[in-house]
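# Close look at the chain arrangement
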Amino acid sequence: MRPAGKGALESLYFDYPRFAARRVPELDGATTRHPVMIAGAGPIGMTAALVLARYGIKSVLIDRKDTFNDGSRAICIARPSMHILERIGAVAPFIEKALGWRFGRSYYRGEQIFRLEMPQPPGEKYLPMYNLQQQYIEKFLHDAVAASDLIDMRWQSELSAIERHVDGVSARISSPEGNYYLDALYLLAADGARSPIRSMLGLRLKGDNYEGRYVIADIRMDHDFPTERRAFFEPSGNPGGTVLIHKQPDDIWRVDYQLREGESEEEALKEENIRARVSAILADIGHTKPWELEWWSVYSANTLCLDDYRHDRVFFIGDAAHIVPIFGVRGLNNGLADAENIGWKLALVLHGEADDRLLDSYSPERRGATLDVFANATKSTRFMTPPTRGWRLAREAALSLSLKHDFPRGLANPRQMQPYTYSDSVLTPYAGRDAGFAGGPVCGSVAPNAKLIDAIHLLDQAGTGVTAILFCGAQPTAEQAALLEHLGQVDKRFVAIVIGSENSISGAKTIADQDGEIARIFAAEPGTIYLLRPDLHIAGRWKAAIPSEILKTAEICLGGETP
Ligand SMILES: Cc1cc2nc3c(=O)[nH]c(=O)nc-3n(C[C@H](O)[C@H](O)[C@H](O)COP(=O)(O)OP(=O)(O)OC[C@H]3O[C@@H](n4cnc5c(N)ncnc54)[C@H](O)[C@@H]3O)c2cc1C
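Rules and cut-offs
- Residues numbered from 1 in each chain as written.
- Predicted model: local features only at pLDDT ≥ 70, side-chain atom pairs only at ≥ 80, totals over all residues.
- Heavy atoms only, no water.
- Pairing = 2+ DSSP bridges.
- Helix = DSSP H or I, 4+ residues; strand = E, 2+ residues; numbered from the N terminus.
- Axes fitted to C-alpha atoms, helices over the stretch in contact; angles between N-to-C directions.
- Contact = heavy atoms within 4.5 Å.
- Near = heavy atom within 4 Å.
- Polar contact = N/O pair within 3.5 Å; in protein donor to acceptor, adjacent residues only side chain to side chain.
- Nonpolar A, V, L, I, M, F, W, Y, C, P; charged D, E, K, R; others polar.
- Expected span 1.5 Å × (residues − 1).
- Buried < 20%, exposed > 50% of the residue type's maximum accessible area, 1.4 Å probe, protein only.
- Arc of directions from axis to C-beta.
- Phe/Tyr/Trp six-rings, centres within 6.5 Å; stacked < 30°, edge-to-face > 60°.
- Core = buried A, V, L, I, M, F, W, Y, C linked by side-chain atoms within 4.5 Å.
- Salt bridge = Lys/Arg side-chain N within 4 Å of Asp/Glu carboxyl O.
- Parallel < 35°, antiparallel > 145°, perpendicular 65-115°, else oblique.
- Left-handed = near helix turned anticlockwise from the far one by under 90°.

## Focus on the sheet that holds strand β4 (residues 99-101)
Taking strand neighbours across the sheet as the criterion, the three strands line up as β3-β7-β4 in an open arrangement whose pairing is antiparallel. With one partner strand each, in any of the chains shown, β3 (76-78) and β4 form the two edges of the open sheet. Neighbour to neighbour, the strand axes of the sheet diverge by 30° on average, direction disregarded. Across three bridges, β4 lies against strand β7 (residues 129-131) in antiparallel orientation. The residue bridging Gly100 from the neighbouring strand is Tyr130, located in β7. Along the sheet, helix α2 (residues 79-87) makes contact with β3 and β7, crossing β3 at roughly 80°.

Written out as structure tokens, the structure reads:
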């Protein structure tokens, strides 16, 4: 909602573009079967199109709207998502515009009870978190989409029916230029929380709805406070409730406040009441200067997802597959990981480099990630919006004890998103080899980064297929060199990174680890080898190479049969 007198898209800081519908070849009788159709050009649909384009795969991206999503939605981009944006060639404007952060504070009745400090290992390229309004996220992604010859973007094009065939999907598209059928080998359903495609296939989200309600208000103010996440429990500006405050670019601040039990939503959402409540909250944090109201809405938490994210040739990604509570910034970040996961798998299958079987791993991996998010978010949500008297009492007790004791303080921290570890995935068949390591990143987790020289990092060297990182004393032994060569025969995109002191075999990227920092990060010894998937999750690691297992793992990452 916007203040009285303002148009639906009349923002204080963002100019919404209006995209015209185009006359497309299908309206003139063309019957092309496209490799991939993506329904929904929200952040997740656009990211999926860009992942496919990175691999040279064409897609048609349709959206029924003529502009970006409006209002205040996702605002926090986590580090792993910045890496995804980098891989799809879209990260530069994000770095320029977004506000990076790693600290937060939680207060109880005006007293600070918790200081959040997210770790920033020296080898990492990005900060743990960046704040940026979803409008900008969509604009920057759209700029990259518009610059790609491989993405056919069609605005004002609504998917109104689908037919599934053994060898493809056909969709009826309605646009102001006319109606037509669009055929594709695969359909990515990125059509959001109310996914019409879900309904067309007769599918339902399952899970829980939470009763607690939050008002989300975006305001513009000149307020001198660093970019940190602030959580206020029982502040005098919102007695009996919680308030979250985030800084965004363009002097826009997001204020989320909890409605009291029994409070009328209709009354709470009246403009005069929003202004009064926000003024009281701002007075509480010492801001007495003028401020302007941009937009507001009401929100309640859900943990809902589909039983299966794959239905033959239709894959659900983003909010169409799952709806997660916003506490802990998971909605957008989780969806971006979906887009990359299905994107690289589909691309390799469409190029004929991987077996179709690889696509079966999408749903278990990403649904597993959703269930993990639910487990974490449920804890945060129960604390942020206690569902019962018992939970309210527990929260009250934890908060009052936090004033004097350390042990309950972590509870007053809305947990932040962590990338999911695919340790149970079929693509991680030898996770048991973790037992041989005294530390380092486990199988299935996202590979950590290490700084090399200047602005160059270890993971910049990885490829678009399987990547091996081999640690050597000086240079690879004959057996190790043969293994790397063999991996190159399994995967034509294979990249070998050799951490050694001497120039190694041809075709491998040799990196000197003068101070032993890379070996320390990976808990590696001479002979240790890590195998990374295209999305830089660790497919396997071996203290000393076991060629049969390593080759098998690379084959499985390309859809080979599991042992
Ligand atoms: C009020 C609110 C606050 C939020 N706050 C946060 C937050 O703080 N942090 C966070 O991480 N997430 C937050 N989210 C969630 C975040 O906005 C979503 O996770 C994210 O937008 C999901 O992106 P998506 O691309 O999957 O779906 P969407 O952004 O919903 O995009 C779906 C697209 O599909 C299009 N579409 C739908 N049907 C059709 C059709 N039949 N044909 C063609 N096109 C169609 C729509 O027009 C839309 O553009 C919030 C969401 C809301 C609503």
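Following the structure, the description resumes.
## Notes on the site of the ligand
Around the ligand, 29 residues are found, and the nearest of them are Asp63, Asn69, Gln134, Asp319 and Leu332. For the ligand, an oxygen atom lies 3.1 Å from a polar atom in the backbone of Ile44. Secondary-structure elements contributing two or more residues to the shell around the ligand are α1 (43-54), β9 (158-165) and α8 (331-350). Class assignment for the residues of the shell around the ligand results in eleven nonpolar, nine polar and nine charged.

## Comments concerning helix α11 (residues 478-490)
The terminal C-alpha atoms of α11 lie 19 Å apart, and with 13 residues this matches the ideal 18 Å at 1.5 Å per residue to within 8%. Of the residues making up α11, those classed as buried are Gln480, Ala481, Leu483, Leu484 and Leu487. In an axial view of α11, the angular spread of the buried residues amounts to 160°, which keeps them on one side of the axis. Residues of α11 that are exposed and angled more than 90 degrees away from the buried face: Ala478, Glu479, Glu485 and Gln489. Buried residues belonging to α11 abut β20 (467-471), β21 (495-499), β23 (529-532) and α13 (547-557).

## Notes on the sheet that holds strand β5 (residues 103-108)
Read across the sheet, eight strands follow the order β6-β5-β13-β14-β15-β12-β16-β19 without closing on themselves; strand pairing throughout is mixed. Across the chains shown, the open sheet's two edge strands, defined by having one partner strand only, are β6 (111-117) and β19 (322-323). Contacting β12 (206-221), β14 (242-248), β15 (252-258) and β16 (291-305), helix α7 (residues 271-284) crosses the sheet at an angle of about 95° to β16. Contacts between helix α10 (residues 389-402) and the sheet are confined to β5, β6, β13 (229-233), β14 and β15, with β5 contributing the most and set at about 105° to the helix.

## Brief notes about the side chain of Glu124
Looking at the element boundaries, Glu124 is found in the loop between β6 and β7. When residues no more than four places from it in sequence are discounted, the contact partners of Glu124 are Arg79, His83, Pro448, Asn449 and His457.

## Quick word on the side chain of Thr467
Mapping Thr467 onto the fold places it in strand β20. For Thr467, a relative accessible area of 0% corresponds to the buried category. From its side chain, Thr467 meets the backbone nitrogen of Gly463 in a polar contact 3.0 Å long. Residue contacts for Thr467: discarding those within four places in its chain leaves Ala462, Phe494, Val495, Ile497, Tyr530, Leu531 and Leu532.

## Re the packing of aromatic side chains
For the structure on display, the rule yields 20 aromatic pairs. For the pair Phe471 and Phe522, a centre-to-centre distance of 5.8 Å together with 50° between the ring planes defines the contact as tilted. Here Phe522 lies in the loop between α12 (517-521) and β23 and Phe471 lies in strand β20, a separation of 51 residues in the sequence. Pair check on accessibility: Phe471 and Phe522 agree, each one buried.

## Thoughts on the nonpolar core
Of all hydrophobic cores here, the largest spans 97 residues; its most connected members are Phe94, Leu159, Leu188, Ile197 and Phe316. Sorting elements by how many residues they give to this core places α8 first, with ten residues. Ignoring anything within four residues of it in the chain, the contact list for Phe94 reads Ile77, Met82, Leu85, Leu132, Ile137, Phe140 and Leu141. Grouped together as the second largest cluster of nonpolar side chains are 23 residues, Tyr107, Val255, Ile281 and Ile285 included.

## Comments concerning the pattern of salt bridges
For the coordinates displayed, the defined rule picks out 40 salt bridges. When the shortest N-O distance is used, the salt bridge between Glu228 and Arg115 registers 3.1 Å. Here Arg115 lies in strand β6 and Glu228 lies in the loop between β12 and β13, a separation of 113 residues in the sequence. Residue Glu228 is classed as buried on the basis of its relative accessible area of 6%. Among the residues examined, Arg115 registers a relative accessible area of 34% and is labelled partly exposed. Through salt bridges that share partners, Arg22, Glu26, Asp152 and Arg154 make up one connected network.

## Details of the pairing of strand β11 (residues 178-189)
Relative to β11, strand β1 (residues 33-39) runs parallel, the two sharing six bridges. Its bridge partner being in β11, Ala39 is matched across the sheet by Ala189. As paired elements, strand β10 (residues 168-175) and β11 share seven bridges and run antiparallel to each other. Note on β11: the bridge partner recorded for Ala171 is Leu182. In this sheet, strand β18 (residues 314-316) lies alongside β11 in parallel orientation, the contact comprising three bridges. The partner of Leu187 across the bridge, within β18, is Val314.

## A few points about the packing of α1 against helix α4 (residues 134-146)
Their axes nearest at 10 Å, the elements α1 and α4 cross at an angle of 25°. By the angle between their axes, α1 is roughly parallel relative to α4. The two elements α1 and α4 cross, and the hand of that crossing is left-handed. Taken together, the residues of α4 that come into contact with α1 (itself represented by Pro43, Met46, Thr47 and Leu50) are Gln134, Ile137, Glu138, Leu141, His142, Ala144 and Val145. The residue makeup of the contact of α1 with α4, split by class, is seven nonpolar, three polar and one charged.

## Focus on the packing of α2 against α8
For any two helices packed against each other, the geometry comes down to the angle between their axes and how far apart the axes lie. Following both chains from N to C, one finds α2 and α8 inclined at 40°, their axes separated by 9 Å at the closest point. Here α2 is positioned oblique relative to α8, judged by the angle of their axes. The chirality of how α2 crosses α8 is left-handed. Listed contacts from α8 to Ser81, Ile84 and Arg87 of α2 are Asn333, Leu336, Ala337 and Glu340. For the contact of α2 with α8, the per-class residue count stands at three nonpolar, two polar and two charged.

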